[in-house]
Amino acid sequence: MEQFTQHSGLVVPMDRPNVDTDAIIPKQYLKSVKRAGFGPNLFDDWRYLDPGDPAIDNATRRPNPEFVLNLPQYQGSTILLGRENFGCGSSREHAVWALTDYGIRAVIAPSFADIFFNNSFKNGLLPITLSETEIDQLFQEEAEGCQLNEGYQLSIDLDAQTVTTPSGTAFSFEIDAFRKYRLLNGLDDIGLTLQQQDSIKAYEERRKVEAPWLF
Amino acid sequence: MAAKTLYDKLWDAHVVRAEEDGSALLYIDRQLLHEVTSPQAFEGLRLANRSPWRVDANLAVPDHNVPTTNREQGIVDPVARTQVETLDQNADEFGITEFKMGDIRQGIVHVIGPEQGATLPGMTIVCGDSHTSTHGALGALAFGIGTSEVEHVLATQCLVQKKSKSMLVRINGAVGAGVTGKDIVLAIIGKMGTAGGTGYAIEFAGKAIENLSVEGRMTVCNMAIEAGARAGMVAVDQKTIDFVENGTVGRTYAPRGDDWEKAVTAWQELHSDAGAEFDAVVELNGADIAPQVTWGTSPEMVVSVSAKVPNPADESDDVKRSGMEKALAYMGLEANAAIDSIGVDKVFVGSCTNSRIEDLRAAAEVAKGRSKAESVKQVLIVPGSGLIKQQAEKEGLDKIFIEAGFEWRDPGCSMCLAMNADRLEPEERCASTSNRNFESRQGLNSRTHLVSPAMAVAAAVTGHFTDVRTLMGEA
Ligand code: SF4
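The rules behind these values
- Residues numbered from 1 in each chain as written.
- Chains lettered and ligands numbered in written order.
- Predicted model: local features only at pLDDT ≥ 70, side-chain atom pairs only at ≥ 80, totals over all residues.
- Heavy atoms only, no water.
- Helix = DSSP H or I, 4+ residues; strand = E, 2+ residues; numbered from the N terminus.
- Rg over C-alpha atoms; globule rule 2.2 N^0.38 Å.
- Buried < 20%, exposed > 50% of the residue type's maximum accessible area, 1.4 Å probe, protein only.
- Contact = heavy atoms within 4.5 Å.
- Areas by Shrake-Rupley, 256 points an atom, 1.4 Å probe, with all protein chains shown as cover.
- Buried area = accessible area lost by both parts, 1.4 Å probe.
- Salt bridge = Lys/Arg side-chain N within 4 Å of Asp/Glu carboxyl O.
- Polar contact = N/O pair within 3.5 Å; in protein donor to acceptor, adjacent residues only side chain to side chain.
- Core = buried A, V, L, I, M, F, W, Y, C linked by side-chain atoms within 4.5 Å.
- Pairing = 2+ DSSP bridges.
- Near = heavy atom within 4 Å.
- Nonpolar A, V, L, I, M, F, W, Y, C, P; charged D, E, K, R; others polar.
- Axes fitted to C-alpha atoms, helices over the stretch in contact; angles between N-to-C directions.
- Parallel < 35°, antiparallel > 145°, perpendicular 65-115°, else oblique.
- Left-handed = near helix turned anticlockwise from the far one by under 90°.
- Phe/Tyr/Trp six-rings, centres within 6.5 Å; stacked < 30°, edge-to-face > 60°.
- Lys NZ or Arg CZ within 6 Å of the ring centre and 35° of its normal.
- Patch = residues over 30% accessible without salt bridge, like charges linked within 9 Å, V, L, I, M, F, W, Y side chains within 5 Å.
- Lys, Arg positive; Asp, Glu negative; His and termini not counted.
- Charge placed at Lys NZ, Arg CZ, Asp CG, Glu CD.

K.L.:
So what exactly am I meant to see when it comes to the overall build of chain B here?
P.N.:
Across its full length, chain B carries 15 helices and 19 strands. Computed over C-alpha atoms, the radius of gyration of chain B comes to 21 Å, within 12% of the 23 Å expected from 2.2 N^0.38 for 475 residues, which places it in the range of a compact globule. Judged by the C-alpha coordinates and their principal axes, chain B covers about 55 × 55 × 45 Å. Across the 475 residues of chain B, 65% fall into the buried class. Counting only contacts in chain B whose residues sit at least 6 apart along the sequence, the fraction spanning at least 24 positions is 76%. A total accessible area of about 15,700 Å² is found for chain B, and carbon and sulfur atoms account for 47% of it.

If you want it as structure tokens, here you go:
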């Protein structure tokens with residue numbers, strides 16, 4: 001898994017609550033048996049004017065000029081700023097793969113749906129929860145920067161657990177220790193669990209006696 | 001010993017190792033696999049040269065992409081076909097049992113688990129699908145996971161998890177006639193919001209839940225995820241045990257003989273102890289719940305069938321108001337329109353929420369002696385599994401549907417998410433028994449209204465949303 005230590009990048013704002021996984025990556029793209037290549041279809045229904053399908057070359061489709069990802073000032077953004085309950089809906093990890101494939105490294109929002117939140121960590125995408133007030137401030141500063149035709153950049157430091165704005169204000173965020181450790185070191189979860197093989201086997205032996213119908 | 005919640009009991013019984021930071025390595029008794037979220041997991045196993053930890057703990061079935069008609073022609077869409085074939089190959093390669101497309105046991109993953117006894121009380125059950133919460137209706141801890149976690153369970157039979165907070169949702173008193181599990185859960189989501197349960201495992205309880213059949217409880221738990229909770233559950237009672245012992249079909253995985261007695265004794269403990277404490281309690285009165293219809297693009301945007309479409313102008317919160325405005329524009333609805341004045345183009349009865357035999361019976365009861373309204377273009381009835389289809393045909397339900405001008409299909413997810421050929425055209429409006437009314441869920445720019453099976457058929461025969469209670473006893 002890709003490590004995450006520090007990251008500075010351009011912010012793209014997504015100013016709506018309950019952005020669901022169907023919106024992040026529509027179902028027709030879930031038919032792929034691969035992990036890569038979802039980026040061009042991130043937010044597909046919002047991003048293009050014509051309907052999309054895996055069989056259609058995206059280059060032949062008309063981008064929706066009003067959708068935020070298509071605006072010139074947000075090209076190359078790597079941090080997505082969202083509203084409450086980001087990533088609600090299905091368990092599809094394709095939603096996370098689409099974000100990372102597009103180049104997003106962190107999503108900052110007041111709250112996330114549980115499964116999306118979990119899936120993010122497995123793919124080196126950092127979901128950061130800040131308070132509603134802090135999020136409001138970020139949206140506002142971003143909009144002001146935008147009026148001045150300046151890109152809005154944030155700096156994230158996972159070790160210090162901070163998000164720093166261009167004016168130098170640092171917001172701190174919570175993250176549980178184990179997840180942080182894995183992200184900082186880019187560790188493989190399965191490998192870590194397999195170090196516990198003996199405990200798993202001992203558990204199974206005990207359960208075979210207690211609840212034999214489960215085996 | 002301190003009083004425990006059902007969730008505590010299920011959790012504690014599966015902890016392989018507790019970590020200092022409060023997370024735990026949790027043992028998984030059953031993993032269900034389907035074609036959409038498993039290919040990358042199997043690929044990961046192969047790349048790392050790993051093999052499944054316990055092959056027999058897995059059960060696979062294709063459901064999302066399968067056609068619901070003309071199956072003998074196979075899957076026409078080449079991309080969908082590749083995905084189903086990939087599941088077949090992976091199951092064969094790793095020796096995992098799969099109910100393939102031609103198998104009578106094939107069906108929606110959350111329907112076939114309980115039907116086969118593959119999901120049992122007291123188990124931990126996972127699947128790469130958020131509606132895995134369904135299985136909690138049997139007194140199990142069941143939750144959806146992502147593909148990386150599917151791979152993790154394949155390789156280790158465990159997951160690293162943090163315990164959620166616990167929430168009790170209690171429906172006091174019974175609900176009235178014509179009010180179903182679907183209406184109960186929509187009313188709950190309407191009250192809590194789609195993020196109200198985030199971070200919680202919900203136990204549903206109270207008279208109205210006790211009165212539901214196990215199937216009805218599955219409908220409620222199915223939509224726990226729509227309230228933001230990863231897991232929903234209901235305590236085991238005699239109905240649960242009877243369901244596992246002699247439900248209508250399948251149950252081939254359920255324990256037998258001595259194991260059965262032992263299992264039943266253990267299952268009888270699967271309820272929250274008197275005095276157990278929850279981190280949150282939400283209460284509703286059963287008598288207040290009427291048949292529900294969603295009007296927007298999130299399941300929390302729901303009202304009673306007798307109500308009107310809400311007016312965004314009455315909402316004081318800016319973010320919420322703009323969400324409501326967007327939803328109304330998308331849905332092509334006016335504020336303050338009466339819900340029962342809204343006409344529908346298509347009707348869908350199916351999905352892991354409402355495709356079990358009891359749902360089909362409820363749909364048939366309303367359809368009997370009536371027929372599809374002129375203005376309704378299509379009514380799809382899609383059973384949850386081949387065995388349910390067979391049972392329904394034994395009971396003659398298929399004839400009632402066909403006589404009413406409905407289409408009787410083969411089992412699968414179908415128009416719930418429209419990954420196969422069953423879908424709405426842009427701006428078509430559908431009364432649907434599924435669980436999500438997100439934008440474009442049932443086809444690009446489709447408009448979904450979530451309802452119970454009886455309410456869906458009431459809309460099919462009248463052409464618009466209709467309080468099914470006014471049709472009851474009238475035919
Ligand atoms: S029926 Fe719908 S919600 Fe259920 S598993 Fe299939 S696609 Fe998902």
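Picking up where we left off.
K.L.:
When you look at the overall build of chain A in this model, what are you seeing that I'm missing?
P.N.:
Secondary structure summary: chain A contains eight helices and seven strands in total. Overall, chain A is about 70 × 45 × 25 Å in size when its C-alpha atoms are taken along their principal axes. A burial count over chain A gives 57% of its 215 residues as buried. A sequence separation of at least 24 residues applies to 64% of the contacts in chain A between residues at least 6 apart. With an accessible surface of roughly 8,800 Å², chain A has 49% of that area assigned to carbon and sulfur atoms.

K.L.:
I would appreciate a short explanation of the interface of chain A and chain B in the present structure.
P.N.:
It is common to report an interface's size as the accessible area lost on association of the parts. At the junction of the two partners, chain A supplies 54 residues and chain B supplies 69 residues. At the boundary of chain A with chain B, total buried surface from both sides reaches about 5,200 Å², with 58% on carbon and sulfur atoms. For the pair chain A and chain B, the number of links is six salt bridges. In this structure, the salt-bridge partner of Glu439(B) is Arg16(A), at a minimum N-O distance of 3.3 Å. Seen at the junction of chain A and chain B, the total is 32 residue pairs in polar contact (both at pLDDT 80 or more). If one sorts the elements of the side of chain A that touches chain B by residue count, helix H8 (residues 197–210) of chain A sits on top with ten residues.

K.L.:
How should the nonpolar core be read in this particular structure?
P.N.:
Inside soluble globular proteins, nonpolar side chains tend to come together where they are buried. By size, the foremost hydrophobic cluster in this structure holds 90 residues, and its most contacted members are Leu141(B), Val169(B), Ile171(B), Phe204(B) and Trp267(B). Sorting elements by how many residues they give to this core places helix H6 (residues 181–192) of chain B first, with seven residues. Of all hydrophobic cores here, the second largest spans 84 residues; its members include Val68(A), Leu80(A), Ile381(B) and Ala459(B).

K.L.:
What am I meant to see in the pairing of strand E6 (residues 124–127) of chain B here?
P.N.:
Side-chain direction in a regular strand flips from residue to residue, so the side chains alternate between the two faces of the sheet. All names here are of chain B. What you see with E6 is no split at all: Thr124 and Val126 on one side and Ile125 and Cys127 on the other are buried throughout. Pairing geometry for strand E3 (residues 30–33) and E6, over three bridges, is parallel. Bridge pairing in E6 places glutamine 31 opposite valine 126. As defined by bridge partners, E6 adjoins strand E7 (residues 141–144) across four bridges and the pair is classed as parallel. Residue threonine 124 lies in a different strand from E7, and its bridge partner there is leucine 141.

K.L.:
Explain the pairing of strand E12 (residues 280–285) of chain B here, please?
P.N.:
All names here are of chain B. Covered by surrounding structure in E12 are Ala280, Val282 and Leu284 only, the residues Val281, Glu283 and Asn285 on the alternate face being uncovered. Of the strand pairs in this sheet, strand E9 (residues 165–172) and E12 are connected by six bridges, and their pairing is parallel. In the strand pairing of E12, methionine 167 is matched with alanine 280.

K.L.:
Hey, could you run me through the site of the ligand in this one?
P.N.:
The environment of the ligand is made up of His64(B), His110(B), Asp129(B), His131(B), Ser351(B), Cys352(B), Cys413(B), Cys416(B), Leu417(B), Asn435(B) and Arg441(B). Taken together, the residues of the shell around the ligand sort by class into four nonpolar, five polar and two charged.

K.L.:
I keep staring at the packing of helix H9 (residues 238–246) of chain B against helix H10 (residues 257–267) of chain B and nothing clicks. Help me out?
P.N.:
Working note: a packed helix pair is described by the angle between its axes plus the distance between those axes. Residues and elements named next belong to chain B. As a packed pair, H9 and H10 sit with axes 11 Å apart at the nearest point and diverge in direction by 155 degrees. In terms of their interaxial angle, H9 and H10 are classed as roughly antiparallel. When the axes of H9 and H10 are compared, the crossing they make is right-handed. Between H9 and H10, the contacting residues are Ile241, Val244 and Glu245 on the first element and Trp260, Val264 and Trp267 on the second. Counted by class, the contact of H9 with H10 contains five nonpolar, no polar and one charged residues.

K.L.:
Explain the packing of aromatic side chains here, please?
P.N.:
For any pair of aromatic rings, geometry is given as the distance between the ring centres together with the angle between the planes. As enumerated under the stated definition, the model contains 16 aromatic pairs over all chains in all. On the numbers, 6.3 Å between centres and 90 degrees between planes, the contact of Trp213(A) with Trp267(B) is edge-to-face. Note that Trp213(A) is positioned in the segment after H8 and Trp267(B) in helix H10, a pairing that runs across two chains. Cluster of aromatic residues (ring-pair linked, three or more members): Phe86(A), Phe112(A), Phe116(A), Phe117(A) and Phe121(A). Directly above the ring of Tyr48(A) sits Arg61(A), whose terminal nitrogen or CZ lies 3.9 Å from the centroid. Here the guanidinium or amino end of Arg83(A) rests over the ring plane of Phe139(A), the centre of that ring lying 4.0 Å away.

K.L.:
Help me out: how do you make sense of the sheet that holds strand E5 (residues 153–157) of chain A in this one?
P.N.:
Sheet strands associate in pairs through backbone hydrogen bonding, adopting either a parallel or an antiparallel arrangement. All names here are of chain A. Pairing within the open sheet is mixed, and its seven strands lie in the order E4-E3-E2-E1-E5-E6-E7. Across the chains shown, the open sheet's two edge strands, defined by having one partner strand only, are strand E4 (126–129) and strand E7 (170–172). Neighbour-to-neighbour, the strand axes of the sheet open up by a mean angle of 25 degrees, direction not taken into account. Sheet topology places strand E6 (residues 162–164) next to E7; three bridges connect them, and they run antiparallel. Within E7, the residue paired with threonine 164 across the bridge is alanine 170.

K.L.:
What should I look at first to understand the side chain of Ser120(A) in this one?
P.N.:
Residues and elements named next belong to chain A. Considering the arrangement of structural elements, one finds serine 120 in helix H4 (residues 114–122). The buried category is assigned to serine 120, whose relative accessible area is 0%. In this structure serine 120 touches Val96, Leu125 and Pro127, once residues within four positions along its chain are discounted.

K.L.:
Which parts of the structure should I look at to understand the sheet that holds strand E15 (residues 346–349) of chain B?
P.N.:
Residue and element names in this part refer to chain B. Spatially, E17-E16-E15-E18-E19 is the arrangement adopted by the five strands of the open sheet, whose pairing is parallel. For this open sheet the edge positions go to strand E17 (407–408) and strand E19 (447–450), each flanked by a neighbour on one side alone. Alignment of E15 against strand E18 (residues 429–432), held across three bridges, turns out to be parallel. Across the sheet, the residue bridging to lysine 346 is cysteine 430, located in E18.

K.L.:
Explain the environment of Thr68(B) here, please?
P.N.:
Residue and element names in this part refer to chain B. Position of threonine 68 relative to the elements: it lies in the loop between strand E4 (58–60) and helix H3 (78–94). Between the C-alpha atoms of threonine 68 and valine 382, which are 314 residues apart in sequence, the distance is 7.5 Å. Once residues within four sequence positions are removed from consideration, threonine 68 is found in contact with Val382, Arg409, Asp410, Ser414, Asn420 and Asp422. Of the polar contacts made by the side chain of threonine 68, one reaches the side chain of aspartate 422; its length is 2.7 Å.

K.L.:
Sorry if this is basic, but what is going on with a negative patch on the surface here?
P.N.:
All names here are of chain B. Side chains of Asp242, Glu245, Asp258 and Glu261 sit close together on the surface and give a patch of like negative charge. Among the elements of the structure, H9 and H10 are those that each provide at least two residues to the negative patch. With respect to the element layout, aspartate 258 can be found in helix H10.

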